[in-house]
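This is what each chain is made of:
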Amino acid sequence: MSVDTTVTTAVPIAVRVTLADAVSQSLTMAARGLLRIKHNPQLLFDVIILPIVFTVMFSSIFGGAIAGDVVGYLPILIPGVLVQVVLAASVTTGVQLREDMDKGVFDRFTSLPIARIAPLAGSLLSDMVRYVVGTTITIIVGLIMGYRPASVIGTIGACLLVVVVAFALSWVFALMGVLMDKASTVQGVSMLVLMPLTFMSNALVPVTTMPGWMQAFAHVNPVSHLVSAVRQMTDGRFGAEIAWSLLGAACVLAVVAPLTLRVYMRRT
């Protein structure tokens, strides 16, 4: 009598995910991220404390020298702090992504019949809430200190513009998160890149006070264009700087987002 020793192995069935499914699953993952913020409010620490510290500190240091007093300096400072705080918050996106990957969170998601992009996109979408909190706190602190924007609608639009640009930039730091092996490395390299961009700009002081070589960099610095766009919008004006900022965000998304997805899928 012959014995059949053939072993049957289970073959995973490929699940076809449509675009609508991918969007829905990404929003579900974003809701998961919001629940994480709800259960751990410390994740909002930076976007709550940094606007207060930056506004009070920079207005006290530069206010008298640049504008003669603190209140006169606030129309220059608040848009700059608004951009600085939210862009700094986008760094945390890459850091948290690396921490989740180290903990094996994304490995568990790969076993689910969902779009591969959903966990990554959901994480980045949920962090937009942090950006909204950062912009809101910055404006509130400015109002308490005497800041009075000329246009309420323009100010709301400026906050939305900063959130959109920060979301685009978060893909850059997400790429660092999937490329680098440690969360501390992601944070260190990200801040090393972001700090020259934010401080060597028109965010805090007039560009004319800088050395010549730094002025040249500040004029082409995308952060300077974003700060100028925010100042225009809070004054009720809408100029070319807004279009340049949106175009820059679109270019970052078009180039970095597909690259981040490719590296992410290879690493998970």
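Remember, predicted model here, so these are calculated numbers, not experimental data. (Residues numbered from 1 in each chain as written. Predicted model: local features only at pLDDT ≥ 70, side-chain atom pairs only at ≥ 80, totals over all residues. Heavy atoms only, no water.)

This paragraph deals with a nonpolar patch on the surface. A contiguous nonpolar patch, built from Phe45, Ile48, Ile49, Ile52, Val53, Val56, Met57 and Ile61 and spanning about 650 Å² of accessible area, is present on the exposed surface. Tracing the sequence through the fold places Phe45 in helix 2 (residues 45-67). In this structure Phe45 comes out as exposed when scored by relative accessible area, which is 55%. (Patch = residues over 30% accessible without salt bridge, like charges linked within 9 Å, V, L, I, M, F, W, Y side chains within 5 Å. Areas by Shrake-Rupley, 256 points an atom, 1.4 Å probe, with all protein chains shown as cover. Salt bridge = Lys/Arg side-chain N within 4 Å of Asp/Glu carboxyl O. Helix = DSSP H or I, 4+ residues; strand = E, 2+ residues; numbered from the N terminus. Buried < 20%, exposed > 50% of the residue type's maximum accessible area, 1.4 Å probe, protein only.)

The subject of this paragraph is the environment of Thr260. Here Thr260 lies in helix 11 (residues 240-267). Residue Thr260 is classed as buried on the basis of its relative accessible area, which comes to 0%. Once residues lying within four places of it in the same chain are set aside, the contact partners of Thr260 are Leu120, Trp171, Ala174, Leu175 and Val178. (Contact = heavy atoms within 4.5 Å.)

Here the structure, examined in full by the defined rule, presents three salt bridges. Residue Asp46 is joined to Arg130 by a salt bridge in which the shortest nitrogen-to-oxygen separation is 2.6 Å. Of this pair, Asp46 sits in helix 2 while Arg130 sits in helix 6 (residues 128-145), and the two are 84 residues apart along the sequence. Between Asp235 and Arg237 there is a salt bridge whose closest N-O contact spans 3.6 Å. Looking at Asp235, the relative accessible area reads 43%, which means it is partly exposed.

The next subject is the environment of Val263. Mapped onto the secondary structure, Val263 falls in helix 11. A sequence separation of 70 residues divides Val263 from Val193, and the C-alpha atoms of the two residues are 21 Å apart. Non-local contacts of Val263, meaning those with residues more than four positions away in its chain, are made with Leu175, Val178 and Leu179.

Here we take up the packing of helix 7 (residues 152-179) against helix 8 (residues 183-199). One can describe the packing of helix 7 onto helix 8 by two numbers: an axis separation of 9 Å at closest approach and a directional angle of 140°. Seen along the crossing, helix 7 lies across helix 8 with a hand that is right-handed. Every residue of helix 8 that contacts helix 7 at Leu169, Phe173, Met176 and Gly177 is listed here: Val186, Val189, Ser190, Val193 and Leu194. Within the contact of helix 7 with helix 8, the residues separate by chemical class into seven nonpolar, two polar and no charged. (Axes fitted to C-alpha atoms, helices over the stretch in contact; angles between N-to-C directions. Left-handed = near helix turned anticlockwise from the far one by under 90°. Nonpolar A, V, L, I, M, F, W, Y, C, P; charged D, E, K, R; others polar.)

Quick look at the packing of aromatic side chains now. As enumerated under the stated definition, the model contains four aromatic pairs in all. Ring centres 6.4 Å apart and planes at 85° place the aromatic pair Phe167 and Trp171 in the edge-to-face group. In this pair, Phe167 and Trp171 are both assigned in helix 7, four residues apart and thus about one turn of the helix distant. There is no split in this pair, since Phe167 and Trp171 are both buried. Among the aromatic residues, those joined into a ring-pair cluster are Phe54, Phe58, Phe62 and Phe199. (Phe/Tyr/Trp six-rings, centres within 6.5 Å; stacked < 30°, edge-to-face > 60°.)

Glancing now at the confidence of the model for the protein. Summing up the model confidence of the protein, the mean pLDDT is 85 and the portion of residues at 70 or higher is 93%. Every residue in residues 5-14 is under pLDDT 50, and counting partners more than four places away or in other chains gives zero contacts. (pLDDT = per-residue confidence, 0-100.)

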